[in-house]
Amino acid sequence: MEALSPMHLLIILVIIVLLFGGRKIPEVMRGLGEGIRSFKEGMHGGNNPPPTNPPPSTTANPPTEEKK
């Protein structure tokens, strides 16, 4: 079986644009990239537990002087 020619790829691209529209394609690609990135992180860091966030720091207001 022959490999896809540039004309075949162009036809596939036109069909994808017609199905999803020009605005939806970047969202789909972004989601795909995040999914692949998450998968790679899972493969490399499978044995390590997820990092924990430090407790939020509390900032107290400085004591105010009371007027007598």
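Residues numbered from 1 in each chain as written. Predicted model: local features only at pLDDT ≥ 70, side-chain atom pairs only at ≥ 80, totals over all residues. Heavy atoms only, no water.

Visitor: What should I look at first to understand the overall build of the protein in this one?
Guide: When helices and strands are counted, the protein shows 2 helices and 0 strands. When each of the 68 residues of the protein is scored for burial, the buried share is 0%. Put simply, the protein shows about 7,300 Å² of open surface, and 63% of that area lies on carbon and sulfur atoms. (Helix = DSSP H or I, 4+ residues; strand = E, 2+ residues; numbered from the N terminus. Buried < 20%, exposed > 50% of the residue type's maximum accessible area, 1.4 Å probe, protein only. Areas by Shrake-Rupley, 256 points an atom, 1.4 Å probe, with all protein chains shown as cover.)

Visitor: Where do I start with the environment of Val 17 in this structure?
Guide: Mapped onto the elements of the fold, Val 17 is located in helix H1 (residues 6-20). Classification of Val 17 as partly exposed rests on a relative accessible area of 38%.

Visitor: Looking at this structure, how should I read the pattern of salt bridges?
Guide: A side chain with one charge may pair with a side chain of the opposite charge, provided their charged atoms come close. Counted under the stated rule, the structure contains 1 salt bridge. For the salt bridge of Lys 24 with Glu 27, the shortest nitrogen-to-oxygen distance reads 3.6 Å. Placement of the pair is Lys 24 and Glu 27 together in helix H2 (residues 24-44), with a separation of 3 residues, close to one helical turn. Given the relative accessible area of 45%, Glu 27 is considered partly exposed. (Salt bridge = Lys/Arg side-chain N within 4 Å of Asp/Glu carboxyl O.)

Visitor: I'm lost on H1 in this one. Help?
Guide: The first and last C-alpha atoms of H1 sit 21 Å apart over 15 residues, in line with the 21 Å expected at 1.5 Å per residue. Once H1 ends, the next one or two residues include Gly 21, with phi positive near 85 degrees. (Expected span 1.5 Å × (residues − 1).)

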